Amino acid sequence: MKQLSIVFIFFLIFVASQAQENISYQKPSAEILALAEYERAPSVSMDTKKINMLLSYRDTYKTLSDLNQEEMKLAGLRINPVTNISSALTYINNLKLRKIDAIQSELTQVKGLPEQPKIAYVTWSPDDTKIAFTNTTATGVALWVIDVTTTQATRLTDAVLNANAGRPFTWFKDSEQLLVNFLPETKTPLIDAKQTLPAGPIVQTAEGKVSQNRTYQDLLKNPTDEQNFENLLTSVLYVVDLNGSKKLFKDKDLYTSQRFSPDGNYLLVTTVKKPFSYIVPMSRFPMTQVVYDSNGNLAKAVNEIPLNEIQPKGFMATRTGKRNLTWRDDAPATLFYVEALDGGDPANKVDFRDELFLWKAPFNAAPVSFAKTAQRFAGITWGNAHTAILDDYWYDTRNNKTYLIDPTLPYKTTLLYDRNYQDVYTDPGRFETKENEYGENTLAIENNKLFLIGDGYTDQGQFPFIDEFDLKTFKTKRLYQSAATDQKEDILSIEDFKQGKALVQLQSKTDFPNFYFRNIKKRIAPMAITNFKNPFESIKEVTKEVIKYKRADGVELSGTLYLPKGYDKTKKEKLPLLIWAYPTEYKDKNSAGQSTQNANEFTYPYYGSFVYWVTKGYVVLDDASFPIIGEGTQEPNDTFIDQLVMNGKAAIDAVDALGYIDRSKVAVGGHSYGAFMTANLLTHSDDFACGIARSGAYNRTLTPFGFQSEQRNYWDVPEVYNTMSPFMNAGKIKKPILLIHGEADNNPGTFTLQTERYFQAIKGLGGTARMVILPKESHGYLAKENILHLLWEQEQFLDKYLKK
């Protein structure tokens with residue numbers, strides 16, 4: 001009888017899923033459309049000496065036509081096989097140059113750009129005198145170079161580059177030549193899987209080894225995919241000079257990256273090898289790393305990376321063998337790498353997790369071990385022969401340790417910081433770097449002092465700072481701290497240590513973010529570098545503030561509250577409330593209760609929030625805190641639903657206490673994990689009238705080896721996976737839900753199928769839902785037609801189920 005009931009339920013789901021609505025693209029109301037149809041400000045790139053600035057322009061949105069291109073999904077890559085470049089790139093359509101020294105400096109149009117340019121991979125030369133970029137034509141990718149002095153662009157190659165693995169060129173250190181990935185002159189034709197009969201079945205085997213791989217998208221599926229992947233990744237390396245002349249450097253192979261040593265005398269080349277995999281992406285395929293001299297002669301094969309399909313459980317798991325192999329930034333030609341001491345398995349109990357090595361060219365001597373870390377290696381910032389900053393971390397405890405080391409004194413470390421990396425109020429900042437004699441970024445060391453730049457989050461607000469760190473006493477001295485309460489300041493870099501000149505970005509609720517030079521030693525106004533205007537004048541007068549409140553168990557929460565223009569706080573008209581949020585996992589209540597929101601951040605409405613709706617008479621609580629906490633041995637997801645409901649109720653209570661809302665008219669929304677949150681709130685809470693869930697995953701059994709911050713697999717804790725899955729509780733959702741998903745979602749776990757099956761379950765079980773699949777879109781949405789229609793769908797849904 002039970003089996004018959006299950007069959008009947010799925011029959012109902014199938015029957016109920018047959019109806020659909022045929023609809024053309026729509027646009028939202030005039031108020032929302034005025035905000036959505038704006039002109040995007042250019043992005044800014046500065047040379048290392050802060051003399052010249054490049055402004056890159058692109059369209060505010062892509063079009064559906066842009067997304068409707070040839071595409072092959074192979075080994076985690078999405079490639080246009082006609083043009084041989086990523087199909088996901090967003091192109092620049094214009095470039096302009098300007099001197100940085102004064103905002104009045106004239107913008108100069110780069111001359112000689114290609115017609116209807118599709119520019120990508122914009123890269124300054126090491127000496128800052130030139131800028132290289134690619135231009136994608138209808139048939140391929142060509143290499144261009146700009147002379148910064150003359151602002152003249154010149155094409156160096158025909159459209160025959162191979163950019164399928166990423167940026168297809170690397171500057172030589174002399175800035176006179178580039179190492180370029182070309183397509184082979186005789187390219188093997190791609191195989192059309194639809195027109196080719198298979199030679200046999202597809203067979204995979206499991207050989208009794210435990211491995212916990214995430215649910216990846218766009219993997220290889222068959223021998224045809226393997227052949228096409230190999231064909232598309234194969235390139236030939238040529239040296240190209242600034243006149244466009246080329247000479248062969250290395251014959252064809254599956255090149256993924258090339259990096260010159262700091263002195264430019266050696267080149268580290270990484271290539272993909274067989275066997276390929278059907279269960280992990282290219283980043284875990286076998287690879288070989290080889291060092292050549294600058295003339296292409298073999299110096300040393302330095303690393304053989306095996307196929308990495310088998311890996312222990314946990315975020316701290318890693319592969320064995322050399323990893324993180326790259327050049328040491330403060331030495332002429334020395335390789336640095338890490339090896340796991342625990343077999344890559346976090347379950348193994350050891351004194352040290354990782355060991356660090358140096359290997360000096362020409363690699364005649366053996367590598368030298370110089371440090372070991374008690375936790376997993378997290379990074380190293382090189383300074384000079386005797387100074388470097390080393391970090392390790394451990395996810396399970398959220399612990400991060402920072403050490404000062406002398407690479408010439410093996411295993412001697414000085415612990416500087418031992419902290420919870422989610423505790424933003426105690427963050428000491430990041431150590432500042434500057435360009436060294438090799439053009440590499442290394443620790444800025446002035447008179448035996450280092451420098452720290454911090455975000456400056458506190459319980460009273462955000463006040464960024466610059467500290468001086470004494471290498472002898474290990475004490476810090478505050479050199480500067482922002483005191484602004486009507487602006488948000490971001491300290492980007494220190495440009496002149498003696499003069500106290502820093503590059504900062506300033507913004508306010510109504511002032512667009514712009515770049516400035518600030519003198520931290522003199523009490524003078526910062527000097528403006530850019531002057532971008534606010535494109536959203538229609539919401540300039542909305543009320544915006546960060547509110548803080550507590551949930552039932554005392555955890556501090558916060559959110560950015562928006563009230564419509566002209567809202568009378570004395571009369572307090574009761575308006576509908578929209579809450580946009582995204583859950584975050586923590587291991588302690590203290591860090592979970594800290595706020596990184598700043599009311600002075602520029603109000604930038606976009607499809608990823610509800611801010612548009614403040615023009616339509618809604619109160620909006622944006623980026624509402626939704627912490628999920630698991631202290632001690634308890635994991636956050638053990639009480640996910642209870643905490644989720646508690647977070648939602650606390651947010652509504654806080655705004656309701658201000659007297660602004662009708663608490664019977666509250667909607668919740670989110671994207672990705674925020675969509676998962678939304679579906680669960682509508683299932684388990686009575687506090688919401690409806691919700692909007694975009695690009696979510698609703699059945700956790702389809703991501704059985706972990707999701708988001710969950711390390712345990714389904715078979716470890718089936719009750720957690722089932723309880724958290726809205727799909728398993730589809731019969732309980734009685735509030736209307738708008739489900740939206742991109743047709744071609746490429747995010748691990750959030751298959752478009754997740755939304756389709758969840759909608760079918762809700763509909764089949766008598767719920768109220770609307771499903772919108774956006775053509776050609778991935779996990780984030782790009783095409784103007786789709787984004788405007790998305791806004792229209794949300795507006796119609798909220799008007800129907802909330803406002804009216």
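A short tour of the structure in this document, coming up. Predicted model, so just to flag it, every value in this text is computed and none were measured. Each chain carries its own residue numbering, running from 1 in the written order of its sequence. Selection of residues for local features in this predicted model requires a pLDDT of at least 70, selection of side-chain atom pairs for listing and counting requires 80 or more, and totals for whole chains, interfaces and linings are taken over all residues. Note that the side-chain values use all heavy atoms of the structure and ignore hydrogens as well as water.

## Examining the overall build of the chain
Here comes step 1: Of the regular secondary structure elements, the chain holds 10 helices and 49 strands.
Here comes step 2: Between the two quantities, the radius of gyration covers C-alpha atoms and the globule rule is 2.2 Å times the number of residues to the power 0.38. Taken over the C-alpha trace, the chain has a radius of gyration of 28 Å; the compact-globule value for 804 residues is 28 Å, and the two agree within 12%.
Here comes step 3: Expressed along its principal axes, the backbone C-alpha trace of the chain runs to roughly 75 × 70 × 60 Å.
Here comes step 4: Only protein chains enter the accessibility calculation, which uses a 1.4 Å probe; a residue whose area is less than 20% of its type maximum is buried, one above 50% is exposed, and one in between is partly exposed. Counting across all 804 residues of the chain, residues that qualify as buried make up 55%.
Here comes step 5: Looking at the chain alone, contacts between residues at least 24 apart form 59% of all its contacts between residues at least 6 apart.
Here comes step 6: The Shrake-Rupley method, run with a 1.4 Å probe, gives the accessible areas here. Residue values count only the displayed protein chains as cover. In the structure as shown, the chain presents an accessible area of about 35,700 Å², 50% of it carried by carbon and sulfur atoms.
Here comes step 7: When the 92 basic and 95 acidic side-chain charges of the chain are each reduced to a single mean position, those positions are 2 Å apart. The helix count covers DSSP runs of H or I at least four residues long, the strand count covers runs of E at least two residues long, and both are numbered beginning at the N terminus. Two residues form a contact once any of their heavy atoms are found within 4.5 Å. None of His or the chain ends enter the tally, which takes Lys and Arg as positive and Asp and Glu as negative. Working definition for charges: the position is that of NZ of Lys, CZ of Arg, CG of Asp or CD of Glu.

## A look at the nonpolar core
Here comes step 1: Grouped together as the largest cluster of nonpolar side chains are 54 residues, with contacts concentrated most on Tyr549, Ile579, Val619, Leu621, Val655, Ile737 and Tyr758.
Here comes step 2: Here this core takes 8 residues from helix α6 (residues 640–657), the largest share from any one element.
Here comes step 3: Once residues within four sequence positions are removed from consideration, Tyr758 is found in contact with Ala679, Thr683, Tyr698, Pro726, Phe727, Ala730, Ile733, Ile737 and Leu739.
Here comes step 4: Residues belong to one nonpolar core when they are buried, are Ala, Val, Leu, Ile, Met, Phe, Trp, Tyr or Cys, and are joined through side-chain atoms within 4.5 Å. Ranked by size, the runner-up nonpolar core spans 48 residues in total, among them Leu55, Leu503, Tyr781 and Leu788.

## Observations regarding the pairing of strand β17 (residues 266–272)
Side chains on a regular strand alternate between the two faces of the sheet.
Here comes step 1: Counted residue by residue, β17 has 7 buried out of 7 residues, so it is predominantly covered.
Here comes step 2: Here, a strand pair is defined by DSSP locating no fewer than two bridges between the strands. Relative to β17, strand β16 (residues 255–260) runs antiparallel, the two sharing 5 bridges. What sits directly across from Ser257, in β17, is Thr270.
Here comes step 3: As consecutive antiparallel partners, β16 and β17 are separated by 5 residues, and within that stretch Gly264 has a phi angle of approximately 80 degrees, a positive value.
Here comes step 4: In terms of strand pairing, β17 meets strand β18 (residues 287–293) through 7 bridges, oriented antiparallel.

## Some words on α6
Here comes step 1: The terminal C-alpha atoms of α6 lie 26 Å apart, and with 18 residues this matches the ideal 26 Å at 1.5 Å per residue to within 8%.
Here comes step 2: Along α6, the positions that sit buried rather than exposed are Phe640, Ile641, Gln643, Leu644, Asn647, Gly648, Ala650, Ala651, Ile652, Ala654 and Val655. An expected span of 1.5 Å times one less than the residue number is assigned to each helix.

## Here we look at the environment of Lys96
Here comes step 1: Note on placement: Lys96 falls in strand β6 (residues 94–99).
Here comes step 2: Separated by 13 residues in the primary sequence, Lys96 and Gln109 place their C-alpha atoms 4.5 Å from one another.
Here comes step 3: If we ignore the near neighbours within four places in the chain, the residues touching Lys96 are Met53, Leu54, Leu55, Tyr57, Leu107, Thr108, Gln109 and Val110.

## Brief notes about the sheet that holds strand β42 (residues 575–581)
Here comes step 1: Pairing is mixed in the open sheet, where 8 strands are placed in the order β40-β41-β44-β42-β46-β47-β48-β49. Two strands bound the open sheet, and with one partner strand each, they are β40 (543–550) and β49 (769–774). Sheet twist, expressed as the mean angle between neighbouring strand axes with direction ignored, is 20 degrees.
Here comes step 2: Examined bridge by bridge, β40 and strand β41 (residues 556–563) share 8 bridges and lie antiparallel to one another. Following the sheet pairing, Glu545 is matched in β41 by Leu561.
Here comes step 3: A fitted line through C-alpha atoms represents every axis, and for helices the fit uses only the stretch in contact; the resulting angles, taken between N-to-C directions, go from 0 to 180 degrees. Each of β40, β41, β42, β44 (619–624) and β46 (661–671) is contacted by α6, which is oriented at about 135 degrees to β46, the strand it contacts most.
Here comes step 4: Across the sheet, helix α7 (residues 673–684) lies against β42, β46, β47 (690–694) and β48 (737–742), angled at about 140 degrees from β46, the strand it touches most.

## A look at unusual backbone geometry
Here comes step 1: In the segment running from Lys274 into Pro275, the intervening peptide bond is cis, with an omega of 5 degrees.
Here comes step 2: Mapped onto the elements, Pro275 comes out in the loop between β17 and β18.
Here comes step 3: A cis amide bond links Ala361 to the next residue, Pro362, at an omega of 10 degrees.
Here comes step 4: Along the chain, Pro362 falls in the loop between β22 (354–360) and β23 (368–373).
Here comes step 5: One non-glycine residue, Gln116, lies in the positive phi region at around 45 degrees.
Here comes step 6: Along the chain, Gln116 falls in the loop between β7 (108–109) and β8 (119–124).
Here comes step 7: The exposed category is assigned to Gln116, whose relative accessible area is 75%.
Here comes step 8: You will see that Ser695, though not glycine, has its phi angle at about 55 degrees, which is positive.
Here comes step 9: Assessed through its relative accessible area of 0%, Ser695 is described here as buried.

Any functional reading would require information beyond the geometric quantities listed.
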